[in-house]
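Coordinate inspection notes
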Amino acid sequence: MSTYRNICVFCGASQPLERHYGEAMEAFADELVKRGIGLVFGGGSVGLMGQIADRMLEGGGHVLGVIPHQLQRRELAHQSVSELVLVETMHERKALMYERSDAFLIFPGGFGTLDEAMEILTWKQLGIHDKPIVFANLNGYFDGLETLFQRALKDGLLKQEYLPLYHFAPSVEGIFSYLDSYKPRYEGIRSWA
């Protein structure tokens, strides 16, 4: 039995040219279903977002989608998910995804994906939560981000103690290896969002 009830996946609503991303996402979804872990995601029916939800549903997994009213049409809200929650703002969306998740996985994506990743990482830096954060560094997608973090450290803009707050995993196996061995760093984390 997994210690995780739900894992939040931040990913794009675009369909990437590289098929490897979708294949890895489907393998990740299969493993979630196998372990009895639910998915929390942005509620869209298209791109990688729709692909992971579809795969989870095909396997009989529980899928919670959270989408703002204004994006419901734009992202074509996934109507077949186990639970679809409509919220007013992007902040409410992220707050609810945070509350309903035990861990966060960032798959390749664009501006929105990076926004979600940086906010959840900042919350962890501030001690608001101590849930695992994993970047799915498929095909080296997040190599540039890892280089940026190292540059920030070198230039004194990021403290060494913050580097263990996240993990870059190059594969689905690496993601679950990290999650399975994750140990919280802080005591008495308060819930805030």
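All of the points below concern the structure found in this document. Please read all numbers here as calculations on a predicted model, not as lab measurements.

Looking at the packing of helix 1 (residues 19-35) against helix 7 (residues 172-181)
Two packed helices can be described by the angle between their axes and the distance between those axes. The contact between helix 1 and helix 7 brings their axes to 9 Å, and the two run at 40°. If you check the angle between helix 1 and helix 7, you find them oblique. Between helix 1 and helix 7, the residues in contact are A24, A27, F28, E31, L32 and R35 and V172, I175, F176 and D180, respectively. When its residues are assigned to classes, the contact of helix 1 with helix 7 shows seven nonpolar, no polar and three charged.

Here's the deal with the packing of helix 1 against helix 2 (residues 47-58)
As a packed pair, helix 1 and helix 2 sit with axes 9 Å apart at the nearest point and diverge in direction by 35°. Considering the relative orientation of helix 1 and helix 2, their crossing is right-handed. Two secondary-structure elements touch here, helix 1 through Y21, G22, E23, M25, E26, F28, A29, D30, L32 and V33 and helix 2 through L48, Q51, I52, R55 and M56.

Looking at the side chain of K94
Here K94 is to be found in helix 4 (residues 90-99). On the basis of relative accessible area, K94 is assigned to the buried category, the value being 11%.

How each quantity is defined
- Residues numbered from 1 in each chain as written.
- Predicted model: local features only at pLDDT ≥ 70, side-chain atom pairs only at ≥ 80, totals over all residues.
- Heavy atoms only, no water.
- Axes fitted to C-alpha atoms, helices over the stretch in contact; angles between N-to-C directions.
- Helix = DSSP H or I, 4+ residues; strand = E, 2+ residues; numbered from the N terminus.
- Parallel < 35°, antiparallel > 145°, perpendicular 65-115°, else oblique.
- Contact = heavy atoms within 4.5 Å.
- Nonpolar A, V, L, I, M, F, W, Y, C, P; charged D, E, K, R; others polar.
- Left-handed = near helix turned anticlockwise from the far one by under 90°.
- Buried < 20%, exposed > 50% of the residue type's maximum accessible area, 1.4 Å probe, protein only.

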